[in-house]
Amino acid sequence: MIEENVILVNTNDEQIGLMPKLEAHEKAVLHRAFSVFILNSKNEIMLQQRAHQKYHSPLLWTNTCCSHQREGESNIEAGSRRLFEEMGFRTELKELFHFIYKAPFDNGLTEHELDHVMIGYYNDSPAINLEEVEDWKWMMIEDVKDDIEKHPEIYTVWFKIIFDEFYHYLEDHKL
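Quantities reported herein were computed from a predicted structural model and do not represent experimental measurements.

Reading guide: rules and limits
- Residues numbered from 1 in each chain as written.
- Predicted model: local features only at pLDDT ≥ 70, side-chain atom pairs only at ≥ 80, totals over all residues.
- Heavy atoms only, no water.
- Phe/Tyr/Trp six-rings, centres within 6.5 Å; stacked < 30°, edge-to-face > 60°.
- Helix = DSSP H or I, 4+ residues; strand = E, 2+ residues; numbered from the N terminus.
- Buried < 20%, exposed > 50% of the residue type's maximum accessible area, 1.4 Å probe, protein only.
- Lys NZ or Arg CZ within 6 Å of the ring centre and 35° of its normal.
- Pairing = 2+ DSSP bridges.
- Expected span 1.5 Å × (residues − 1).
- Contact = heavy atoms within 4.5 Å.

Enquirer: Outline the packing of aromatic side chains, supporting the account with residue identities and numerical values.
Expert: Aromatic ring pairs are defined here through the distance separating the ring centres and the angle between the ring planes. Tallying each qualifying case throughout the model produces 10 aromatic pairs. Arranged with centres 5.6 Å apart and planes meeting at 45°, the rings of Phe159 and Phe163 form a pair that is tilted. Within this pair, Phe159 and its partner Phe163 are both found in helix α4 (residues 157-172), separated by four residues, close to a single helical turn. In this structure Phe159 comes out as buried when scored by relative accessible area, which is 0%. Connected via pairs of aromatic rings, a cluster forms that spans Phe37, Tyr155, Phe159, Phe163, Phe166 and Tyr167. Positioned over the ring face of Phe84 is Arg90, at 3.9 Å from the centre of the ring. The residue whose ring lies beneath Lys145 is Tyr167, and the NZ or CZ to ring-centre distance is 5.4 Å.

Next comes the structure, spelled out in structure tokens:
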């Protein structure tokens, strides 16, 4: 299997090159990414637990899905593709905002991403891809906030950062 490239960007989200994903994480180079939050009609977030065989952050809880855009792919196309690949369903996505963050992993790799945060709505159970996802659950937004404070070790490094941005966005905007 050929390793996927990530899209290297400057701080204005302008593409400046491509790099293999692992190399970009080893060198902590800024690249484009996305994070999808799926909510249901009860305002609960669908969380996923990363599969046990993932090369970083296995079995940690995180947002519904996240990954990297492919060259020539829009943010929404990328989010929809990965949502279907990981969680087995499709729904309309809307981009809310983007921001830059840098987060080291415990294995020496670093996420340095210009992250496009998207939201979608879905009320059914997903059909998870067991190569990517170990488990899933719905959680109230306030409960996620409280649980991250009480048990930060069970969540991915990036989710804690992204959730904080998402939470403050929800405080400031009516969806």
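After that view of the structure, there is still more to cover.
Enquirer: Account for the pairing of strand β3 (residues 31-39), with residues named and values stated.
Expert: Of all nine residues making up β3, nine are buried, and the element is well covered by its neighbours. Side-chain alternation along β3 places His31, Ala33, Ser35, Phe37 and Leu39 on one buried face and Arg32, Phe34, Val36 and Ile38 on a second face that is also buried. Strand direction decides the pairing type here: β3 and strand β8 (residues 110-121), joined by nine bridges, are parallel. Along β8, the bridge assignment pairs Arg32 with Leu114. In this sheet, strand β6 (residues 65-67) lies alongside β3 in antiparallel orientation, the contact comprising three bridges. Its bridge partner lying in β6, Val36 is registered against Cys65.

Enquirer: I'd love a proper account of helix α2 (residues 75-87), names of residues and values included.
Expert: Helix length check: α2, at 13 residues, gives a terminal C-alpha distance of 17 Å against a target of 18 Å (1.5 Å per residue), a fit within 8%. The secondary structure elements touched by the buried residues of α2 are β3, β4 (44-50), β6, β7 (93-104), β8 and β9 (133-140). One or two steps after α2, the chain reaches Gly88, where phi turns positive at roughly 75°.

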